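Residues per chain, in single letters:
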There are 2 protein chains.
Amino acid sequence: MILTRPILEINLTNLLNNFKMLQKLAPKAASAGVVKDDAYGLGAVKVAGLLYTKGGCRNFFVAHAVEGEKVASVAPEAKIFVLQGYGEDSREVFERVPNLIPVISNPSMFDYYKQHRLNGRKPVIHIETGLNRLGFRENELERLSDSDRNEFMMVMSHLACADEKDHFMNEHQLNNFKRLKEQYFPRLPASLSASDGVFLGGDFLQDVVRLGAAMYGINTAPYRENQMQNVVRVTAPVLQVEDLPEGEFVGYSATYRANSRRKICIISIGYGDGIPRSLSNVGKVFFKVGGQLHEARMIGRISMDNIICDVTGIEGLQSGDTAYLCDSFYTLDDMGRDAGTISYEIMSRLGKNTRFIRRYTEE
Amino acid sequence: MILTRPILEINLTNLLNNFKMLQKLAPKAASAGVVKDDAYGLGAVKVAGLLYTKGGCRNFFVAHAVEGEKVASVAPEAKIFVLQGYGEDSREVFERVPNLIPVISNPSMFDYYKQHRLNGRKPVIHIETGLNRLGFRENELERLSDSDRNEFMMVMSHLACADEKDHFMNEHQLNNFKRLKEQYFPRLPASLSASDGVFLGGDFLQDVVRLGAAMYGINTAPYRENQMQNVVRVTAPVLQVEDLPEGEFVGYSATYRANSRRKICIISIGYGDGIPRSLSNVGKVFFKVGGQLHEARMIGRISMDNIICDVTGIEGLQSGDTAYLCDSFYTLDDMGRDAGTISYEIMSRLGKNTRFIRRYTEE
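Not measured: the values here are computed from a predicted model. (Residues numbered from 1 in each chain as written. Chains lettered and ligands numbered in written order. Predicted model: local features only at pLDDT ≥ 70, side-chain atom pairs only at ≥ 80, totals over all residues. Heavy atoms only, no water.)

**Points about the domain arrangement of chain A**
All names here are of chain A. For chain A, the domain assignment lists domain 1 (12-216) and domain 2 (232-361). Inter-centroid distance (C-alpha atoms) of domain 1 to domain 2 is 37 Å. Contacts between the two partners involve 10 residues from domain 1, matched on the other side by nine residues from domain 2. Taking both sides of the interface into account, the surface hidden between domain 1 and domain 2 amounts to around 900 Å²; carbon and sulfur atoms contribute 59%. For the pair domain 1 and domain 2, the number of links is one salt bridge. Between K352 and D37 there is a salt bridge, with the nearest N and O atoms lying 2.7 Å from each other. Run the count over domain 1 and domain 2 and you get seven residue pairs in polar contact (both at pLDDT 80 or more). Going through the elements one at a time, α1 (12-25) and α2 (36-40) are the ones with two or more residues in the side of domain 1 that touches domain 2. Partitioning the side of domain 1 that touches domain 2 into residue classes produces five nonpolar, three polar and two charged. (Domains from an automatic or database assignment. Contact = heavy atoms within 4.5 Å. Buried area = accessible area lost by both parts, 1.4 Å probe. Salt bridge = Lys/Arg side-chain N within 4 Å of Asp/Glu carboxyl O. Polar contact = N/O pair within 3.5 Å; in protein donor to acceptor, adjacent residues only side chain to side chain. Helix = DSSP H or I, 4+ residues; strand = E, 2+ residues; numbered from the N terminus. Nonpolar A, V, L, I, M, F, W, Y, C, P; charged D, E, K, R; others polar.)

**Focus: the pairing of strand β13 (residues 262-267) of chain A**
Residues and elements named next belong to chain A. For β13, the buried fraction is high: five of the six residues fall into the buried class. Summarising the sheet, strand β10 (residues 232-244) and β13 pair through six bridges and their orientation is antiparallel. Each bridged residue has a counterpart across the sheet, and for L244 the counterpart in β13 is R262. When β13 meets strand β16 (residues 307-310), the two strands line up antiparallel, connected through four bridges. What sits directly across from I266, in β16, is I308. (Buried < 20%, exposed > 50% of the residue type's maximum accessible area, 1.4 Å probe, protein only. Pairing = 2+ DSSP bridges.)

**Focus: the packing of helix α3 (residues 44-54) of chain A against helix α4 (residues 65-74) of chain A**
Packed helices, taken two at a time, are described by their axes: the angle between them and the distance between them. Residue and element names in this part refer to chain A. Put simply, α3 and α4 touch, their axes get as near as 8 Å, and they point 45° apart. In terms of orientation, α3 and α4 fall into the oblique class. Here the hand of the crossing between α3 and α4 comes out right-handed. Residue-level contacts link A44, V45, A48, G49 and Y52 of α3 to K70, V71 and V74 of α4. Considering only residue class, the contact of α3 with α4 consists of six nonpolar, one polar and one charged. (Axes fitted to C-alpha atoms, helices over the stretch in contact; angles between N-to-C directions. Parallel < 35°, antiparallel > 145°, perpendicular 65-115°, else oblique. Left-handed = near helix turned anticlockwise from the far one by under 90°.)

**What about the sheet that holds strand β4 (residues 79-82) of chain A?**
Residue and element names in this part refer to chain A. Taken in spatial order, the eight strands of this open sheet run β8-β7-β6-β5-β4-β3-β2-β9, and their pairing is parallel. The open sheet has two edge strands with one neighbour each: β8 (190-191) and β9 (208-211). By the bridge criterion, two bridges tie strand β5 (residues 100-104) to strand β6 (residues 124-126) in an arrangement that is parallel. Of the residues in β6, the one forming a bridge with V103 is V124.

**Some remarks on the relation of the copies chain B and chain A**
The second copy of the chain is related to the first by a rotation about an axis and a shift along the axis. In screw terms, the move from chain B to chain A is a rotation of 180° and a rise of 0.0 Å along the axis, fitting with an RMSD of 0.0 Å. Accordingly, the operation relating the two chain copies is best matched by a two-fold axis. For chain B, the smallest separation between a C-alpha atom and the rotation axis is recorded for B:K352, amounting to 3.0 Å. In this assembly, 100% of the residues forming the interface of chain B have copies in chain A that are likewise at the interface, indicating an isologous arrangement. (Least-squares fit on C-alpha atoms with pLDDT ≥ 70 in both.)

**Observations concerning the environment of A:A30**
Residues and elements named next belong to chain A. Its location among the elements puts A30 in strand β2 (residues 30-34). Along the chain, A30 and V209 lie 179 residues apart, while their C-alpha atoms are 6.3 Å from each other. Apart from residues lying up to four places away in sequence, A30 is in contact with N59, D207, V208 and V209.

**What about the interface of chain B and chain A?**
Of the residues lining the interface, 78 residues belong to chain B; the matching set on chain A comes to 78 residues. Both faces considered, chain B and chain A share a buried interface measuring about 6,500 Å² in area, 51% of it formed by carbon and sulfur atoms. Taken together, the connections running from chain B to chain A amount to six salt bridges. Secondary structure elements with two or more residues in the side of chain B that touches chain A: α2 (36-40), α4 (65-74), α6 (107-115), α9 (168-184), β10 (232-244), β11 (249-250), β13 (262-267) and α12 (343-350) of chain B. Residue composition of the side of chain B that touches chain A, by class: 33 nonpolar, 25 polar and 20 charged.

**Structural notes on empty space enclosed by the protein**
Across all of its chains, the model carries five cavities of 30 Å³ or more by this definition. Taken as a whole, the largest cavity spans an internal volume of roughly 100 Å³. Put simply, the parts of the chain that give the lining of the largest cavity at least two residues each are α12 (343-350) of chain A together with α12 of chain B. Looking at the lining of the largest cavity residue by residue, the class counts come to two nonpolar, seven polar and six charged. Approximately 70 Å³ is the volume attributed to the second largest cavity. Along the walls of the second largest cavity sit A:N353, A:T354, A:R355, B:D37, B:D38, B:A44, B:V66, B:E67 and B:K70, which together make up its complete lining. Among the elements that line the lining of the second largest cavity, the one with the most residues is α4(B), at three residues. Among the residues forming the lining of the second largest cavity, the class breakdown is two nonpolar, two polar and five charged. (1 Å grid on protein atoms, 1.4 Å probe; cavity = no way out; pocket = protein on both sides within 12 Å on 5 of 7 lines; lining within 4 Å. Points joined across faces, edges and corners; volume = space filled by probe spheres on them.)

**Some thoughts on α1(A)**
Residue and element names in this part refer to chain A. End to end, α1 covers 20 Å across 14 residues, agreeing with the expected 20 Å (1.5 Å per residue, within 8%). Residues L12, T13, N14, L15, L16, N18, F19 and L22 constitute the buried set of α1. Check the buried side of α1 and you find it contacts β1 (7-11), β2, α3, α10 (195-198), β9 and β18 (357-361). Sitting at the amino-terminal end of α1 is N11, which places a side-chain oxygen 3.1 Å from the backbone nitrogen of T13. (Expected span 1.5 Å × (residues − 1).)

Set out below in structure tokens:
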């Protein structure tokens with residue numbers, strides 16, 4: 001069969017299983033689904049809808065209010081926390097969508113909030129404990145009045161190195177968090193950990209855990225085997241299979257030269273679909289032919305719409321066969337490592353091209 | 001003013017000027033707009049509509065039929081060539097949209113075409129001349145019958161190294177193209193060059209030039225100063241400005257350590273918005289304060305939604321100020337070089353996140 005389009009498959013059963021497995025690691029905490037960046041590219045409406053209806057999830061985190069509005073459409077009774085906070089370019093959305101809760105990360109934003117309160121909602125305060133990204137610094141907390149501190153409904157922070165179990169930063173941040181919370185917000189519920197922090201357990205769990213990357217199948221505890229089920233499969237059809245004579249060059253800028261006679265195939269996916277161009281001459285591609293899994297190498301530069309693969313020795317491959325770019329046997333974590341980045345970045349790119357045939361599967 | 005959302009601005013006036021400037025380089029050829037990958041992320045409907053109504057453009061190239069369908073909605077009288085060709089997963093779209101013209105790149109696809117002809121349309125044949133990507137190889141052309149060769153309305157190929165003026169591959173491919181066209185399709189119109197080939201001039205121009213990257217402002221002739229006007233501006237608001245004490249770490253995995261007291265700011269954009277994570281600890285960010293342009297450095301790892309910048313020495317910077325990620329003074333080509341990739345890849349990513357406030361400007 002002749003085919004031309006790449007396919008992105010998202011296994012919702014595995015995603016839900018991952019969510020439930022993570023919940024079990026933090027049984028006393030409320031589990032929030034992190035669906036920012038369109039659920040890391042996998043589709044916030046679909047993922048949030050699933051977590052809401054089948055996972056009983058009633059707390060979500062997004063980065064931007066416009067993202068939260070989509071989530072609200074499928075999670076009407078949920079609280080949706082907006083990490084980038086509240087400002088002139090998002091106030092209208094906050095006013096329109098009553099379940100959006102701003103996370104206030106600095107004094108200027110807090111001043112803005114006090115001038116434009118959202119009736120019936122208290123915001124979250126984000127405090128800085130060592131990541132040095134968003135959040136009130138200690139000297140800024142000191143300047144809050146008693147009534148200021150009563151404005152908030154939860155206190156949160158974020159860990160920098162929770163994917164390394166024994167990193168000194170973990171204890172350092174936990175101690176900072178406990179101390180600052182005790183001093184300034186002793187009665188508020190607290191949230192410190194995302195998926196990676198959940199695997200650290202104990203006091204890292206606090207009252208609300210924010211489940212994102214691991215739910216999507218990413219190994220956020222890479223110091224041991226991945227506990228999560230695979231969620232993402234990316235495939236693309238083989239457009240053509242050709243002999244490549246010795247001495248020929250392949251791809252833009254002729255970065256690959258055939259030093260012996262090779263067999264190549266051209267597949268219908270490229271960096272325009274989110275495959276990192278840094279995989280050029282490095283990345284792996286897999287084919288199932290004759291009931292067996294074959295591993296091949298990308299050769300030449302990845303282009304916007306196509307990748308060329310060295311399939312020498314893979315017998316019987318033909319137009320219309322399926323190339324596997326990522327699956328349970330070669331996960332996004334593997335691809336991230338080979339591409340010199342992390343799976344998060346690749347996942348976030350993959351889901352955004354509308355040229356993909358996108359399939360959500362449930363078993 | 002407190003703001004939270006990044007902004008993507010696309011200057012349609014400059015884009016149209018670029019198109020017209022490229023047309024002048026190939027006055028005898030028909031100019032086709034390359035709007036695949038959603039016009040390199042900038043919005044195919046908007047770009048194709050502009051080229052059609054204000055540029056008189058009547059030929060477009062896309063990668064996939066589903067992309068072509070969107071273009072057809074704003075370019076009803078145009079021919080829209082589909083580079084990835086024709087297959088079982090796109091036939092329905094081809095049948096529905098009469099201005100889509102498949103580009104046939106190999107014998108298997110041609111067999112499929114002959115079983116499922118599209119009435120009233122002849123396809124294009126893609127021939128391979130040295131890129132070793134899509135296209136009929138010479139031994140495959142030899143096997144075409146006379147009547148097979150009469151099936152086509154145009155012959156095309158694609159250059160591998162046209163961004164290097166004196167690369168041996170350019171002449172090699174041109175000679176192959178002329179020879180194969182003369183032998184197999186002497187009477188057909190021909191297309192060989194994309195933007196980069198247009199700058200090579202002469203016989204590289206043939207009958208149809210495919211104007212893409214350079215139209216979007218990319219320097220496709222990097223052996224000299226960019227002739228194109230800048231099309232893309234990316235900005236993000238400053239969320240907060242903070243002192244960073246000596247000895248503090250910044251970002252995930254603590255990859256940056258302050259060896260002296262610094263001032264930092266956190267801006268509301270990240271790899272989720274398409275800023276390459278490979279710019280971590282490397283990338284540049286610009287600020288206009290006090291009527292002056294200031295250059296700053298990204299520090300720590302880029303995260304999904306935020307970037308941290310070292311703004312030591314930039315006086316007066318505050319929440320709500322604008323960070324410039326790319327503009328005429330620091331183009332996508334510059335960012336691509338700093339990120340270890342090419343502007344094409346970054347452009348393709350930027351346009352795809354719906355969290356951006358997207359603005360099309362016309363002067």
